[in-house]
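# Tertiary structure, described
Here is how the chains run, residue by residue.
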Amino acid sequence: MRRVVRGFWGPRPEPVEALAGRWRRTLDGLAELVPQAADVWSQVHGNGPATAFAADEDALLGALRTAQSAADWSDLTGTGLRLVGTGAPGWQAEVSGLAGGAPEFLLQSLAIILHAPDEAVAPEEELLSLVARVWEPDFGDVSDDDVLDALEDEAGYSVGDPVVGRAGYLSPARAALVPDGLEAVRAPLPGGGELLSVAAPGDSATVVRVYERLRGSGALAPLPRPMDRAVL
């Protein structure tokens, strides 16, 4: 089963050393939560084959600096990195991010895509909490293909819109707009944001209902464009 854990935010310029530290904490947290998912890492490049990757802070710092030295890199866009880890049979983790920039329209993001055996139990909400703590996003979600298809078909969701899935994360200003009686379990996180436990795998109908209520309350309003801040 393919699970997607994501966080999104607006412009937040950061030095490459800060980005490398966030990446290291992400990979360390992933290794602690899902040790079977990634024993060996490789870096995926825009051109050419993937290359072996050490997944330590020195390697991360080098990869980010190399990305920033590319002819088409811009500090407005942010610095991208994509890593793929292979582990026990049936398990694979992909981590991709675009961060540290000051874009006016394209959100910055960090995504963990976890491939696991269908019967496996994965710590989805713990992974979303990890993304929230490390990257301080504006919003985030745990989704799969069925959830995203249901949101697009039944609720008019479009790629790039603020969203929650089977679980969601809302930054403090968004959490303050959550309506009473929401069909979800709310848990505060450090920094004032909230983790929402929405639905079990396969229950896309509940996800759609919660998404529509949050959107109606303003908790999923998009950042104003052109963007001038990282969070709502």
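So, here is what we can say about the structure in this document. The model shown is predicted, which means the values in this text are computed figures rather than measured ones.

Analysis parameters
Within any chain, residue numbers begin from 1 and follow the written order of that chain's sequence. In view of the model being predicted, local features appear only for residues whose pLDDT reaches at least 70, and side-chain atom pairs are presented and counted only at 80 or more, with totals across whole chains, interfaces and linings using the full set of residues. Excluded from the side-chain calculation are hydrogens and water; included are all heavy atoms of the structure. Each helix corresponds to a stretch of at least 4 residues labelled H or I by DSSP, and each strand to a stretch of at least 2 residues labelled E; elements are numbered beginning at the N terminus. To estimate the expected span of a helix, count its residues, drop one, and scale the result by 1.5 Å. Accessibility here uses a 1.4 Å probe with only protein chains present; expressed as a share of the type maximum, an area under 20% marks a residue as buried, one over 50% as exposed, and anything in between as partly exposed. We define a polar contact as two N or O atoms separated by no more than 3.5 Å, with the added condition that, inside protein, one atom must be a possible hydrogen donor and the other a possible acceptor, whereas residues neighbouring each other in sequence contribute only through side-chain atom pairs. A carboxyl oxygen of Asp or Glu within 4 Å of a side-chain nitrogen of Lys or Arg is what we treat as a salt bridge. Here an axis means a line fitted to C-alpha atoms, over the contact stretch when the element is a helix, while the angle between two N-to-C directions is reported on a 0 to 180 degree scale. To sort the angles, those under 35 degrees are grouped as roughly parallel, those over 145 as roughly antiparallel, those from 65 to 115 as roughly perpendicular, and the leftovers as oblique. By the definition used in this description, the sense in which the near helix is turned from the far one sets the handedness, with an anticlockwise turn below a right angle giving left-handed and a clockwise turn giving right-handed. In this analysis, two residues are considered to be in contact whenever any of their non-hydrogen atoms come within 4.5 Å of each other. For two strands to be treated as a pair, DSSP must find no fewer than two bridges joining them. The definition of a nonpolar core used throughout is a set of buried Ala, Val, Leu, Ile, Met, Phe, Trp, Tyr and Cys residues joined through side-chain atoms within 4.5 Å.

## A few points about helix H2 (residues 57-68)
With 12 residues, H2 should reach 16 Å at 1.5 Å per residue; the first-to-last C-alpha distance of 16 Å fits that figure. Those residues of H2 lying buried are Ala59, Leu60, Leu61, Ala63 and Leu64. Sitting at the head of H2, Asp56 places a side-chain oxygen 3.3 Å from the backbone nitrogen of Asp58.

## Things to note about the pattern of salt bridges
All told, the structure shown has 16 salt bridges when counted by the stated rule. One salt bridge in this structure joins Asp145 and Arg2, with 2.8 Å as the shortest N-O distance. Of this pair, Asp145 sits in helix H4 (residues 145-155) while Arg2 sits in strand E1 (residues 2-9), and the two are 143 residues apart along the sequence. A residue is classified by how much of its surface remains accessible, and Arg2, at 32% relative accessible area, is partly exposed. Between Arg65 and Glu17 there is a salt bridge; the shortest N-O distance is 3.1 Å. Highlighted residues: Arg65 in helix H2 and Glu17 in helix H1 (residues 16-33), separated in sequence by 48 residues. For Arg65, a relative accessible area of 44% translates into the label partly exposed. Here the salt bridges share partners, and the residues they tie into one network are Arg3, Glu124, Asp144 and Arg166.

## A word on the packing of H4 against helix H6 (residues 204-217)
Two elements in contact, H4 and H6, have axes whose closest approach is 9 Å; the angle formed by their N-to-C orientations is 55°. Relative to H6, H4 is oriented oblique. When you trace H4 past H6, the crossing you get is right-handed. In this structure, H4 contributes Asp146, Val147, Ala150, Leu151, Glu154 and Ala155 to the contact, and H6 contributes Ser204, Val207, Val208, Tyr211, Glu212 and Arg215.

## Description of the sheet that holds E1
Spatial ordering of the open sheet is given by E3-E2-E4-E5-E6-E1-E7-E8-E10-E9, a layout of 10 strands whose pairing is antiparallel. Whereas interior strands pair on both sides, the edge strands pair on one side only; in this sheet they are strand E3 (51-53) and strand E9 (185-188). In this sheet, adjacent strand axes meet at a mean angle of 20° when their direction is disregarded.

## Regarding the nonpolar core
Trp23, Trp41 and Trp135 are the most contacted members of the largest nonpolar core, which totals 43 residues. For this core, the element with the most residues is helix H3 (residues 124-135), which contributes seven residues. Residues Leu107, Ala184, Leu196 and Leu214 belong to the second largest nonpolar core, which totals 28 residues.

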